[in-house]
Each structure stands twice: as structure tokens, then as C-alpha cells.
Amino acid sequence: MSLFSKENRETFFSPIWMNNPVTMQVLGICSALAVTVKLEPALVMGLSVTIIVAVANLVVSLLRNTIPNRIRIIVQLVVVAALVTIVSEVLKAFAYDVSVQLSVYVGLIITNCILMGRLEAFAMANGPWESFLDGLGNGFGYAAILVVVAFVRELFSAGTLLGFKVIPDCVYELGYMNNGLMLMPPMALVLLGCIIWFQRAKNPELND
Amino acid sequence: MNTNSNTYTIVYASVMVVIVAFLLAFVSSSLKDKQNENVELDKKKQILSALNVNMEGADVAQLYSEIVKQEPLLSADGAIKAETGAFAIDSKIENAKPLEQRNLPLFVCQIEGATKYVLPVYGAGLWGPIWGYIALNDDKSTIYGVYFSHAGETPGLGAEIAAEPFQSQFTASPKHITRNGEFTSIAIVKPSKVDESRDYVNGISGGTITSQGVDAMLKDGLGQYVNFLKQ
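The structure displayed is predicted, hence computed values, not measured ones. (Residues numbered from 1 in each chain as written. Chains lettered and ligands numbered in written order. Predicted model: local features only at pLDDT ≥ 70, side-chain atom pairs only at ≥ 80, totals over all residues. Heavy atoms only, no water.)

## Points about the overall build of chain A
Point 1. Secondary structure assignment for chain A yields ten helices and two strands.
Point 2. Reading chain A from its N terminus to its C terminus gives the helix and strand order α-α-α-α-α-α-α-α-β-β-α-α.
Point 3. Scaling as 2.2 N^0.38, a compact globule of 208 residues should have a C-alpha radius of gyration of about 17 Å, and chain A matches this with 19 Å.
Point 4. Projected onto its principal axes, the C-alpha positions of chain A cover 65 × 45 × 30 Å.
Point 5. Per-residue burial for chain A yields a buried fraction of 47% across its 208 residues.
Point 6. Working note: accessible area of chain A is about 10,100 Å², and carbon and sulfur atoms make up 71% of it.
Point 7. With 12 positive and 13 negative side-chain charges, chain A shows a separation of 6 Å between the mean positions of the two kinds. (Helix = DSSP H or I, 4+ residues; strand = E, 2+ residues; numbered from the N terminus. Rg over C-alpha atoms; globule rule 2.2 N^0.38 Å. Buried < 20%, exposed > 50% of the residue type's maximum accessible area, 1.4 Å probe, protein only. Areas by Shrake-Rupley, 256 points an atom, 1.4 Å probe, with all protein chains shown as cover. Lys, Arg positive; Asp, Glu negative; His and termini not counted. Charge placed at Lys NZ, Arg CZ, Asp CG, Glu CD.)

Dropping the structure here:
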């Protein structure tokens, strides 16, 4: 079987939009609410989750035939926790400012449902390469939603993107104001709802 | 092999835990020096930031050694306990001790020929610790600059204490932590409220508990130095 066969491409691309872990499977909502106030932490968070879910999928898939059935969740959790700790330590050593910004959320990747969901549903039953692609696809799918939500929230709550001012002062002089509601977690949920609405309106076959 | 037997499960779990433990210990110890360096550099940046020093593209460690002249430890009665050691003090540990036993760190700095005193403060916000550095002019009352940071306050709300609009209020007009020779601290009030009894700045809308935390932190943190401030 070739590395980029139709099935493998499907494994990689489907979670990015048609079977997105956040909008279709409604996983990882908690962190999607927490780290999307600003674009930069959302990007780093998306990247961290992508790396961790891809590598964890790969490791668990390699081990899948040796893992005792009764402690498989614990084994998966240990793999994820070890990876998260390593990523967090590496960020502290080489990207100190970003790690300060993300504070507790890096550690909380352990509790991200996407990870356990993919490990249990996919990596335990598929080969290493497919699992790695599945992890990348789901990570990117998660990151994409985070970035879209963070883009809207930062733009309307602070008038900036990645910390750079994009709404010029003359607009404010005309009476435009930043929307403080965008800072609140519920607005992330409302935006997420809008994305799901858009996705389902575009693809009627997704509706039950 | 029967992967469901008890022996297999126990051996598997033990081997896995040992491997992971070694891996994490290795990662942690090999990155330790680099991380400590970052933490120290970050602390120096925070202190210089309270002194309104422009660090753009500068060598922070060198700038720090040029500006900070002395790092003595004080006791609560204002006397100098030790000539050095302020930099290594962990405010969290010191705050757990009774006031008489605390080592109070002081940073004596020189900016353009004038002496500035930097006092660290440490307190609690809504979600976790908050801390800061307060730079005073040599009258030991007028605020020259401030720096605040936090471990996990809500972005956009409590976390705004670390942002420029909040901190610039402390220097926009002269603020004094004493009035008529008595220590009053600086009040953090709800926006549009006033505090006649002492100098005040506006708190963060939507970050009330964090703002109250800053208020208490300034009162307690600077209050420890009350005897030094009177000297």
C-alpha cells in the first residue's frame, strides 16, 4: 500500500473539515474556549496539540498489540502525559515567553478529549503510519477551529491580530468600540456554534 | 502470548513506568540549566521593567549589572541583615514566615545618577499568585515605575494588570505610597470611584478580584518595608 493512498489522504484530510474533531465530534471544547482570546496562544496551543496527538498516536499504534486490554486507558494516559510533560519542559527551555503565556493550558492538554478519543478509537486499531496521519489531521483540524475563533475574538475584542493593531484609530474616532463580550468564554461557544451552523448548512449530508 | 494475564499486566505496567520515569528525568535534568537561566533572565527583565528601562535588543544580564548596584536583605525593622542575596530570595517562601523572621529583598539601583529602590511584592489573584516590582524614587515615597505579572489570571480581564494601560496609571501623575509621613500604600479602586485618604489608580473592569488582590499585595508587600521607608 502506498504511503499516500486514497485512504491515507482521506484519513489525513477528513478530520480537518468534514469530520472535524471540534465541530463534528464536539471534542476539545474546553480548551477551545480557554485559549482563544488571543491569536498567538491559540497558534502555539494548536501546534502543541498537533505534535502531541500525532506522536501519541504513533507510539500507541506501535504498542497496540502488546498493551494489556485491562490497563489500555492507563497506558494511553501515561504516553500522553509523558509527551505533554516533555513539550512543556521544552517550551520552558526554548520558548520561555510563550510558555508563560500559555501557563496551565499546556499541562491541560493531557485532559484534551481529542487525544484520548483518537488513541482509543483509531491508534488502537490501525498501523503506525495511518495513526500518525490521523493524529496530524485531527491536530490540524483542532488548530484550524482555534485559529478561526481566536482571529474573530482578538479582532473584535482588542482591534489587534497577533498583538499588531489592525483597526485604525480613525475608526475609533467615528465611535467604534471594542466588544468586551468577545473576551468572555461564552462568545467562543457562540462563534463555535456559528461555525457548526455554517458547516452543516454547506453540507446538508452532515445533518442527521 | 496471553496479554490478559495478571503477571503480564503487572510487568507491563512496571516496565512502562520505569521507562517513562527515566525519560522524563533525563529530559528534565538536561533542560534544567537552560530553564533556570531563562527564569533568572526573566526576573532581571521584570526588575528592569519596573525601572522603565528600554530593553529592546539589549543584553539584559549586562544592563542589569550596570543598573542594579546593591542587593541587600533587610529585616522588618529596616536594618540591613545581609549585604547581598536579594536576587535569590523567593517571596513565596518569605511570605510564609512571621514578619520578624523575613528576609526582605531590596534592589538599590542607579538610573541617570539618581538612586531608585526596587521592592518586590507578592500576593494572590483570582486563579493563582500575582507578583510585581515597585520602583521608588530616593524619597522612598514617589513611585518611579511598576511591573506586575501573574501566573494564570483570565486573559483580557484580570490578566490586564500585566498590561501597559494599567501599569502606566502609576506613573502618569506622581503617586505616593506615604501621606504626611505615614505609609498609606496605593489604593486600587473601581473605575470612576475615588479614595480621598490616599493616592489611587483605577482597577480593571471585570477583573475585580484580581484588582483587589493587587490592592492587598501593595498594602502588605510594601507595608513590610514600613520601617525602611521611614528611615
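## Considering the packing of aromatic side chains
Point 1. Going through the model one piece at a time under the given rule, you end up with twelve aromatic pairs over all chains.
Point 2. On the numbers, 4.9 Å between centres and 80° between planes, the contact of Phe12 of chain A with Phe13 of chain A is edge-to-face.
Point 3. Given a relative accessible area of 18%, Phe12 of chain A falls into the buried group.
Point 4. Seen in terms of ring centroids, Phe166 of chain B and Phe170 of chain B are 5.7 Å apart; in terms of plane orientation they differ by 80°. Their pairing is edge-to-face. Highlighted residues: Phe166 of chain B and Phe170 of chain B, both in helix α4 (residues 164–172), separated by four residues, approximately one helical turn. Of the two residues, Phe166 of chain B and Phe170 of chain B, both sit in the buried class.
Point 5. Grouped by ring-pair contacts, the aromatic residues Phe4, Trp129 and Phe132 of chain A constitute a single cluster.
Point 6. One residue, Lys116 of chain B, lies across the ring of Tyr144 of chain B, its end atom 4.0 Å from the ring centre.
Point 7. Directly above the aromatic system of Phe228 of chain B lies the positively charged group of Lys140 of chain B, at a separation of 4.1 Å from the ring centroid. (Phe/Tyr/Trp six-rings, centres within 6.5 Å; stacked < 30°, edge-to-face > 60°. Lys NZ or Arg CZ within 6 Å of the ring centre and 35° of its normal.)

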